[in-house]
Amino acid sequence: MTKYGKLTTALIAAWFVFAVTASRLDLFRTSPNQPPLPLGLAALTPLVLFLVWFVASAEFRDFTMALNPRVLTWVQSWRIVGFVFLVLAAYGILPKLSALPAGWGDIAIGVTAPLVALKLASPDHRKSFIAWQVLGMADLVTAMTLGPLARVIDPHGIANDAMTVLPLSLIPTFGVPLFMMLHFICIAQVRRWPVRQYSTIGQQLRSHSA
């Protein structure tokens, strides 16, 4: 497990460096009239590689299953910085159609992450825990979908060009895929949580109120 910990840390670091370097070289920049294919490819590729590795390697899968779900959920609290989207939309730098849902969604997930990590990351609250993780994933998918669609829906509106250059380009090319992986791991871990049996209704109620 230790080797996978070091390897994963090294890969994440290399991934971050690549995202920064590619952004500085303007590899993700596209004209307002073109779909952001380079940005989309940069966001999807890490997810595909992660899923292939997760399915193909039992050792890597066991490593991810051994990670602490509370810590993985706590990391999502970083998404509270989604308020930046609201500010940029207010100043006309990002289209409101994509920035407002992404911003408020990230804020909601970021604010509730500590509470979910402390109260719901247990077998007694598996359904609520999964529901929150799914909502977090839905927020990310919505943000990545509405970004390109904003220009299509409103051709004369504000372009989403700011998301293709630093520092905002790190969100779709690094932050979104990483947070999506953490959500996926947490949901996968729930499948291995033991199903608790209760001898009395009172015992079950006490467990849920703990």
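Residues numbered from 1 in each chain as written. Predicted model: local features only at pLDDT ≥ 70, side-chain atom pairs only at ≥ 80, totals over all residues. Heavy atoms only, no water.

Trainee: Give a description of the packing of aromatic side chains that names residues and reports values.
Mentor: The tally for this structure, following the rule as stated, stands at 12 aromatic pairs. A centroid spacing of 5.3 Å and a plane angle of 35° characterise the contact between Phe129 and Trp193, whose relative ring orientation is tilted. In this pair, Phe129 is assigned in helix α7 (residues 126-153) and Trp193 in the loop between α8 (170-190) and α9 (201-209), connecting sequence segments 64 residues apart. Here Trp193 falls in the buried class, since its relative accessible area comes to 14%. Taken together through their ring pairs, the aromatic side chains of Tyr4, Phe50, Trp53, Phe54, Phe60, Phe63 and Phe184 make up a single cluster. (Phe/Tyr/Trp six-rings, centres within 6.5 Å; stacked < 30°, edge-to-face > 60°. Helix = DSSP H or I, 4+ residues; strand = E, 2+ residues; numbered from the N terminus. Buried < 20%, exposed > 50% of the residue type's maximum accessible area, 1.4 Å probe, protein only.)

Trainee: Describe in detail the pattern of salt bridges, supporting the description with residues and values.
Mentor: Throughout the structure, instances matching the rule amount to 4 salt bridges. Linking Asp26 and Arg29 is a salt bridge whose minimum nitrogen-to-oxygen distance equals 3.6 Å. Using a relative accessible area of 38% as the deciding quantity, one classes Asp26 as partly exposed. Arg79 is the partner of Asp106 in a salt bridge, and the nearest nitrogen-oxygen pair spans 3.2 Å. You can see Asp106 sitting in helix α6 (residues 96-119) and its partner Arg79 sitting in the loop between α4 (69-75) and α5 (83-90), a full 27 residues away along the chain. Like Arg79, Asp106 is buried. Through salt bridges that share partners, Arg79, Asp106 and Asp139 make up one connected network. (Salt bridge = Lys/Arg side-chain N within 4 Å of Asp/Glu carboxyl O.)

Trainee: For the layout of surface pockets, give the residues involved together with the corresponding values.
Mentor: Put simply, the largest pocket is a space of about 1,100 Å³. Met144, Met163, Ile171, Pro172 and Val176 are, among the 48 residues lining the largest pocket, the residues nearest its centre. For the lining of the largest pocket, the secondary structure elements donating two or more residues are α2 (37-56), α5, α6, α7 and α8. Considering every element that reaches the lining of the largest pocket, the biggest residue donor is α8, with 9 residues. Classifying every residue of the lining of the largest pocket by side-chain character gives 33 nonpolar, 11 polar and 4 charged. In this model, the second largest pocket occupies a volume close to 510 Å³. The set of elements that each furnish at least two residues to the lining of the second largest pocket consists of α1 (2-24), α2, α3 (58-65), α4 and α8. Ranked by residues supplied to the lining of the second largest pocket, first place goes to α2 with 5 residues. Partitioning the lining of the second largest pocket into residue classes produces 16 nonpolar, 3 polar and no charged. (1 Å grid on protein atoms, 1.4 Å probe; cavity = no way out; pocket = protein on both sides within 12 Å on 5 of 7 lines; lining within 4 Å. Points joined across faces, edges and corners; volume = space filled by probe spheres on them. Nonpolar A, V, L, I, M, F, W, Y, C, P; charged D, E, K, R; others polar.)

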